[in-house]
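Chains, contacts and geometry: an overview
Residue strings, one per chain:
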Amino acid sequence: MIAPDHGPIWRSHPGKIIEAYDTWSRQKATNKALIIYDTMWQSTEKMAYAIADGLIHEGVDFKMLNLKLNHRSDVMTEVLDAKALIFGSSTINNGMMPPMADVLCYMKGLKPTGKIGAAFGSYGWSGEAVKLLTDSMEEMKIQLVEPGLRVKYAPTHDDLAKCIRLGQGIGKAVKESLKSERESATLA
Ligand SMILES: Cc1cc2nc3c(=O)[nH]c(=O)nc-3n(C[C@H](O)[C@H](O)[C@H](O)COP(=O)(O)O)c2cc1C
């Protein structure tokens, strides 16, 4: 029987949870990206979907995690085996969307390792959110593989093309970094 100091008690099949912990603790990433975002009027969401198009182009799996629909714990479950974390938030009151601040605060405490990513978001005049997202990512040592992308109000056709390119850039970086991880595992 396994009785952790919090969480459910495993009275049968303890091997199952030991095996799961072993996998989770190694934080082994797969060919997967997460687009974690929040939006008021869908401008940032339009950017998110264009970034997803770029990932599709590179053959990288992804999940869209709209924070109005996904709880922070569900986001963390997805983070476990994701290689890229792409954060998007519009600017509100000189900051990021509060659900995004919540997720980042929670994520920081759980110390994900070996991730890559980038930040994006729509704004109206001052546009602080992308810089704040980038700062949080740096604090978590997430390697920034593309510069943050800000778009003023609703994205234009050209803005969406930039988002697609950002998605492609991240997709390429996912594949390269998984390849070099495989090569170093073979050498070890
Ligand atoms: C309550 C509120 C506060 C806002 N505060 C800011 C702000 O401080 N700086 C800024 O650049 N834009 C601000 N905006 C503008 C939004 O960032 C902008 O409309 C953006 O396009 C919204 O993107 P979204 O549809 O993805 O939420 C604010 C909008 C609202 C509704």
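Below or above, wherever it landed, is the structure these notes cover. Keep in mind it's a predicted model, so treat the numbers as computed, not measured.

Conventions we followed
- Residues numbered from 1 in each chain as written.
- Predicted model: local features only at pLDDT ≥ 70, side-chain atom pairs only at ≥ 80, totals over all residues.
- Heavy atoms only, no water.
- Helix = DSSP H or I, 4+ residues; strand = E, 2+ residues; numbered from the N terminus.
- Rg over C-alpha atoms; globule rule 2.2 N^0.38 Å.
- Buried < 20%, exposed > 50% of the residue type's maximum accessible area, 1.4 Å probe, protein only.
- Contact = heavy atoms within 4.5 Å.
- Expected span 1.5 Å × (residues − 1).
- Near = heavy atom within 4 Å.
- Polar contact = N/O pair within 3.5 Å; in protein donor to acceptor, adjacent residues only side chain to side chain.
- Areas by Shrake-Rupley, 256 points an atom, 1.4 Å probe, with all protein chains shown as cover.
- Nonpolar A, V, L, I, M, F, W, Y, C, P; charged D, E, K, R; others polar.

Here we take up the overall build of the protein chain. The secondary structure content of the protein chain amounts to six helices and six strands. Along the protein chain, helices and strands appear, N-terminal first, in the series α-β-α-β-α-β-α-β-α-β-β-α. Here the C-alpha atoms of the protein chain give a radius of gyration of 18 Å, agreeing with the 16 Å that 2.2 N^0.38 yields for 188 residues. Dimensions of the protein chain, computed from C-alpha atoms along their principal axes, come out at roughly 55 × 40 × 25 Å. A total of 188 residues make up the protein chain; the buried ones form 43% of that total. Summarising the internal contacts of the protein chain: among those between residues at least 6 apart in sequence, 77% fall at separations of at least 24.

Here the focus is helix α6 (residues 157–187). The terminal C-alpha atoms of α6 lie 45 Å apart, and with 31 residues this matches the ideal 45 Å at 1.5 Å per residue to within 8%. If you check which residues of α6 are buried, you get Asp 159, Cys 163, Leu 166, Gly 167, Gln 168, Gly 169, Ile 170, Gly 171, Ala 173, Val 174, Ser 177 and Leu 178. Elements that come into contact with the buried residues of α6 comprise α2 (43–57), β3 (84–89), β4 (116–123) and β6 (149–152).

Residues in contact with the ligand amount to 18 residues; listed here are only the nearest, Thr 39, Met 40, Thr 44, Thr 91 and Ser 122. Within the backbone of Met 40, one N or O atom sits 2.5 Å away from an oxygen atom of the ligand. At 2.8 Å, a backbone N or O of Trp 125 approaches an oxygen atom of the ligand. Its free accessible area being 640 Å², the ligand has 87% of it covered by the protein chains. Secondary-structure elements contributing two or more residues to the shell around the ligand are α2 and β4. Partitioning the shell around the ligand into residue classes produces six nonpolar, twelve polar and no charged.

Backbone geometry at His 13 places phi at a positive 50°, although glycine is not the residue there. Here His 13 lies in the segment before α1 (14–26). For Tyr 153, which is not glycine, the phi dihedral falls at a positive 50°. Considering the arrangement of structural elements, one finds Tyr 153 in the loop between β6 and α6.

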